[in-house]
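Read off the chains here:
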Amino acid sequence: EHPDVGAGPVPLDLTGIWRSISRGTHKDAFDLTPAGQEIHDAYDRTLDDPHLRCVAGGAIRMEDGPFNYEIIDQGNHILILYQYFNETRRIWMDGRDFPEGIEDAWLSMGYSIGHWEGSTLVIETRGMKPTVWDAAGMPVSASAVLIERKYLDGEGMLHTDYVLNDSAHFERPIYRHAYRARL
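Rules used throughout
- For every chain, the first residue of the written sequence is number 1, and numbering continues from 1 along that sequence.
- With the structure being a predicted model, the display of local features is reserved for residues of pLDDT at least 70 and the display and counting of side-chain atom pairs for 80 or more, all residues being used for whole-chain, interface and lining totals.
- Only hydrogens and water are set aside; all other atoms, that is, all heavy atoms of the structure, feed into the side-chain values.
- To qualify as a helix, a DSSP run of H or I must reach at least 4 residues; to qualify as a strand, a run of E must reach at least 2; elements of each kind are numbered from the N terminus.
- For each residue, the accessible area found with a 1.4 Å probe, counting protein chains only, is set against the maximum for its type, and the residue is called buried under 20%, exposed over 50%, and partly exposed in between.
- With residues, only the protein chains shown are counted as cover, and all accessible areas are computed by Shrake-Rupley using a 1.4 Å probe.
- His is not counted here, nor are the chain ends, while Lys and Arg score as positive and Asp and Glu score as negative.
- Charged side chains are reduced to one point each, which is NZ for Lys, CZ for Arg, CG for Asp and CD for Glu.
- Only protein atoms enter the calculation, which uses a 1 Å grid: trapped sets of points that fit a 1.4 Å probe without letting it out are cavities, open sets showing protein on both sides within 12 Å along at least five of seven lines are pockets, and any residue with an atom within 4 Å of a point is a lining residue.
- Grid points are joined across faces, edges and corners, and a volume is the space filled by probe spheres set on the points.
- Only Asp, Glu, Lys and Arg are considered charged in this grouping, and only Ala, Val, Leu, Ile, Met, Phe, Trp, Tyr, Cys and Pro are considered nonpolar; every other residue, Gly among them, is considered polar.
- Whenever Lys or Arg places a side-chain nitrogen within 4 Å of a carboxyl oxygen from Asp or Glu, that contact is recorded as a salt bridge.
- Residue contacts follow a heavy-atom distance rule, with two residues in contact if any of their heavy atoms lie within 4.5 Å.
- Distance and chemistry together define a polar contact, namely a pair of N or O atoms within 3.5 Å, with one atom able to donate a hydrogen and the other to accept it when in protein, and with adjacent residues in sequence counting only for side-chain atoms on both sides.

Colleague: So what's going on with the overall build of the protein chain? Residues and values would help.
Modeller: When helices and strands are tallied, the protein chain shows two helices and 11 strands. The principal-axis extents of the C-alpha atoms in the protein chain amount to approximately 45 × 35 × 30 Å. Counting the 183 residues in the protein chain, one finds 46% classified as buried. Total accessible area on the protein chain is roughly 9100 Å²; 52% of this is exposed by carbon and sulfur atoms. Treating the 17 positive side-chain charges of the protein chain as one cloud and the 29 negative ones as another, the clouds have centres 5 Å apart.

Quick look at the structure:
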């Protein structure tokens, strides 16, 4: 549990270029639903991995990737510019709701809304394109919801805790953690 849960906003300056230090701790065995297992079983990592066709793998895979990214605070939104596939992600910080029908949007990076809980940036992403979020073929459905919590530790490292909620493909949420250092 994060100490900032429910706290009033105390935004931090996360701007800058961040390099991957650890791709985090991962749960390597997933509790797939029958639909998720069917997709996973049909997946051929030598043919079906989007990266092999120079197609970005979506927000989860980009965040967890080994390449640098840059965070730019634009006031009403935060941009993340990924070196990996030159992808861009916009996180709306202006209090808006998700657009109606977002589950049918099938956006490469999804549609992200953020807010501050204390000094933790909380990001919720919906409307992701049905694809796989890793090279092993773990599926993501159009109804999946990704929650990220970005925070700095005492040494200035940027940590990201991820929770993927996708009841169409997984029996329980997927938890991951990774951290980066500012260049």
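On we go.
Colleague: Requested: an account of the layout of surface pockets, with residues and values cited.
Modeller: In this model, the largest pocket occupies a volume close to 160 Å³. Lining the largest pocket are Glu 87, Thr 88, Arg 89, Arg 90, Trp 92, Leu 107, Ser 108, Met 109, Gly 110, Tyr 111 and Ser 112. At the level of elements, strand S4 (88-92) and strand S5 (111-117) are the ones that each hand at least two residues to the lining of the largest pocket. The biggest single contributor to the lining of the largest pocket is S4, with four residues. When grouped by side-chain class, the residues that make up the lining of the largest pocket number four nonpolar, four polar and three charged.

Colleague: Could you give me a rundown of the side chain of Glu 87, with the residues and numbers involved?
Modeller: Residue placement: Glu 87 occurs in the loop between strand S3 (77-82) and S4. For the buried residue Glu 87, which engages in no salt bridge, the nearest side chain bearing the opposite charge is Lys 129, 7.2 Å off. Setting aside residues up to four positions removed in sequence, Glu 87 forms contacts with Ala 56, Met 62, Ile 80, Leu 81, Tyr 82, Ser 108 and Met 109.

Colleague: So what about the environment of Ser 22? Which residues, and what values?
Modeller: Assignment of secondary structure puts Ser 22 in strand S1 (residues 16-26). With 58 residues separating them in the primary sequence, Ser 22 and Ile 80 have C-alpha atoms 18 Å apart. What Ser 22 contacts, discounting residues up to four positions off in sequence, is Ala 178 and Tyr 179.

Colleague: So, the side chain of Arg 61: which residues are in play, and what are the values?
Modeller: Looking at the element boundaries, Arg 61 is found in helix H2 (residues 59-63). Only 2.8 Å separates the side chain of Arg 61 from the side chain of Asp 49, close enough to count as a polar contact. For Arg 61, the contacting residues outside a window of four places in its chain are Asp 49, Pro 50, His 51, Tyr 84, Trp 133, Asp 134 and Ala 135.

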